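Here is how the chains run, residue by residue.
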Amino acid sequence: MSDILIVDDERDIRELISDILEDEGFATRLASNSDETMAEINTEAPALIILDIWLKDSRMDGIDILKTVKRDNPDVPVVIISGHGNIEIAVAAIKQGAYDFIEKPFNIDQLLVVIRRAMETSRLRRENQNLKRRDVATSEMIGTSAPYRALLGQLDKVTKSNGRVMLTGPAGSGKEVAARYIHAHSARASSPFVTVNCAGVAPDRMEEVLFGRETPDRGVEPGLLEQAHGGVIYFDEVADMPLGTQSKILRVLVDQQFTRVGGTDKVRVDLRVISSTNRDLDQAIKADTFRQELYHRLNVVPIAVPSLEERREDIPLLAEHFIAEFNASQGLPQRALTEDAVALMQTMVWPGNVRQLKNLVERVLILGDGTGPIEARELPGEEENGSDEGRVVLSGALATLPLREAREAFEREYLLTQINRFGGNISRTANFVGMERSALHRKLKSLGVVTSAKAGVRVAHVDEEVEAAG
């Protein structure tokens, strides 16, 4: 929206206003009747419309055009002009949503003042609406690990385009944060970011939620696609979108327009689409629960978001970030983390990924005593490991093994955990466990532990031949 549409049935007046506005730095488009006007608006909504009330040889007069514009493009300000103006027409135009009414012959300076005020008012209204649409969800990316840096590098590349992005990764890994990062660092950052929770909307309501609806009693109710116009629409867990809706979304991606439920007019939208899933869409396509054509439309740039297990090095930074966030938002104590707490968190199992870590931090801050550093004993699981401080409780399987085999099994699992905790860095692992690097290498070889590259980082695992022999 960067130009002004001038609608008047008199060519001389259209061109006179256009020349004046272009001298003032505005871009203009011209229309002489309702058909030309609606064609221009449907091609691209203008920043403002100057509209004559009386239009010869036109299907609709100015008031009818005004009603249609305010219904379908409520953010576009309309300035009414007429050589037959009277107070009744002015009142009718204002009631229908016109910004102002100017009689012909008009004063050029007055017209320019009204246009500038109308455009500024429209801009402020859009900014206010955008701020209201946005929730407090963050777009800040936290981490220093190799998988994190690889992810950030991919995200930075796609911010410079309008290409559709498909984010894959386990639940809770931060796919929406990644989507918001793309939006926040793109040319659409000042426009809306609208999330569609595909798993949270009842299938029979999905189309109304997305496309909006028109009813005689309630008029136009814009859907999420309309609300996201100019910005980003984010399909969260897109695999859960109803199959019937998928075909209609595919058509929107192709045509960039749709019809509201119960309506007949085409609504044109300018959208960037980002989607995410934690499921295998290839399997969903084979099971006929996801349309292959839609998959190819959405999966232009696939980006994998790593699990927390793949980026254990980032756990201390993430935990400190969440502590600061809860301190600012809820007034919870700003507590530090002891080394033992960090070590335990980096070796815990995180099936819920970053979301689980955030919930854990909130729980500890709420239930913890005082404002001192968070200790390992405050973390879940530590207190269940035994009532005697300093004791280690053996698992059932380990307790049944002879001492030599139990020691090897413990050492193998312990070293696997520590190496992965430090992102495959043998030097840091050796320093933490208190071994010389060469001695650690010999120990790993004897235990059948090897490292290999995965998702941009070294990951430790048991050699397949050792596993087979075992």
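So, how was this worked out
Residues numbered from 1 in each chain as written. Predicted model: local features only at pLDDT ≥ 70, side-chain atom pairs only at ≥ 80, totals over all residues. Heavy atoms only, no water. Patch = residues over 30% accessible without salt bridge, like charges linked within 9 Å, V, L, I, M, F, W, Y side chains within 5 Å. Areas by Shrake-Rupley, 256 points an atom, 1.4 Å probe, with all protein chains shown as cover. Salt bridge = Lys/Arg side-chain N within 4 Å of Asp/Glu carboxyl O. Helix = DSSP H or I, 4+ residues; strand = E, 2+ residues; numbered from the N terminus. 1 Å grid on protein atoms, 1.4 Å probe; cavity = no way out; pocket = protein on both sides within 12 Å on 5 of 7 lines; lining within 4 Å. Points joined across faces, edges and corners; volume = space filled by probe spheres on them. Nonpolar A, V, L, I, M, F, W, Y, C, P; charged D, E, K, R; others polar. Core = buried A, V, L, I, M, F, W, Y, C linked by side-chain atoms within 4.5 Å. Buried < 20%, exposed > 50% of the residue type's maximum accessible area, 1.4 Å probe, protein only. Contact = heavy atoms within 4.5 Å. Expected span 1.5 Å × (residues − 1). Arc of directions from axis to C-beta. Phe/Tyr/Trp six-rings, centres within 6.5 Å; stacked < 30°, edge-to-face > 60°. Lys NZ or Arg CZ within 6 Å of the ring centre and 35° of its normal.

Visitor: Is there a simple way to explain a nonpolar patch on the surface in this structure?
Guide: Side chains of Phe410, Tyr414 and Phe432 sit close together on the surface and give an oily, nonpolar patch of about 290 Å² of accessible area. Its location among the elements puts Phe432 in helix H18 (residues 426-433).

Visitor: Whenever I open this one, empty space enclosed by the protein confuses me. Can you help?
Guide: If a probe the size of a water molecule is rolled over the atoms, the empty space left behind becomes visible. One pass over the full model with this rule turns up two cavities of 30 Å³ or more. Computed from the structure, the largest cavity encloses a volume of approximately 40 Å³. With three residues, the top contributor of residues to the lining of the largest cavity is helix H15 (residues 353-367). Broken down by class, the residue content of the lining of the largest cavity amounts to seven nonpolar, no polar and no charged. In this structure, the second largest cavity occupies an estimated 30 Å³ of space. As for the second largest cavity, its lining consists of Leu225, Phe235, Ile249, Val252, Leu253, Gln256, Leu271 and Val273. Looking at the lining of the second largest cavity, the element that brings in the most residues is helix H10 (residues 243-255), giving three residues.

Visitor: For this particular structure, what's the right way to read the nonpolar core?
Guide: Within soluble globular proteins, side chains that are nonpolar tend to cluster in buried spots. Leu225, Ile233, Phe235, Ile249 and Phe290 are the most contacted members of the largest nonpolar core, which totals 33 residues. Listed by contribution, the elements that provide at least two residues to this core are strand S7 (193-197), helix H8 (206-211), helix H9 (224-227), strand S10 (232-236), H10, helix H11 (281-286) and helix H12 (292-298). Excluding residues that lie within four positions of it along the chain, Leu225 makes contacts with Leu210, Phe211, Ile233, Ile249, Val252, Phe258, Val269 and Leu271. Leu337, Val342, Leu344 and Met348 belong to the second largest nonpolar core, which has 25 residues in total.

Visitor: Explain H15 to me, please; I cannot follow it from the model alone.
Guide: For an α-helix, 3.6 residues make a turn, and residues three or four places apart therefore share a direction. For H15, with 15 residues, the first-to-last C-alpha span of 21 Å sits near the 21 Å given by 1.5 Å per residue. Asn353, Val354, Leu357, Leu360, Val361, Val364 and Leu365 are the residues of H15 that are buried. With its buried residues spanning 130° around the axis, H15 presents them on a single face. Turned more than 90 degrees away from the buried face of H15, the exposed residues are Arg355 and Leu367.

Visitor: Any chance you could explain the side chain of Arg311 here in plain terms?
Guide: You can see Arg311 is positioned in the loop between strand S14 (301-304) and helix H13 (315-330). Overall, Arg311 belongs to the buried group, its relative accessible area being 6%. What Arg311 contacts, discounting residues up to four positions off in sequence, is Ile142, Gly143, Ser145, Tyr148, Pro306, Leu318 and Val354.

Visitor: Hey, could you run me through the packing of aromatic side chains in this one?
Guide: For any two aromatic rings, the description comes down to two numbers: the centre-to-centre distance and the angle of the planes. Evaluated as defined, the whole model comprises four aromatic pairs. Ring geometry for Phe410 against Tyr414: centres 5.7 Å apart, planes inclined by 20°, an arrangement best described as stacked. With Phe410 and Tyr414 both in helix H17 (residues 403-421), this residue pair falls four residues apart, about one helical turn. Judged by relative accessible area, Phe410 falls into the partly exposed class, the value being 45%. A centroid spacing of 5.7 Å and a plane angle of 55° characterise the contact between Phe422 and Phe432, whose relative ring orientation is tilted. Remark: Phe432 occurs in helix H18 and Phe422 occurs in the loop between H17 and H18; sequence separation between them is ten residues. Residue class for Phe422 comes out buried when judged on its relative accessible area of 9%. For Phe432, a relative accessible area of 39% gives the class partly exposed. Just above the ring of Phe432 sits the side chain of Arg421; from NZ or CZ to the centre is 4.3 Å.

Remember that the coordinates give geometry; whether it matters functionally is a separate question.
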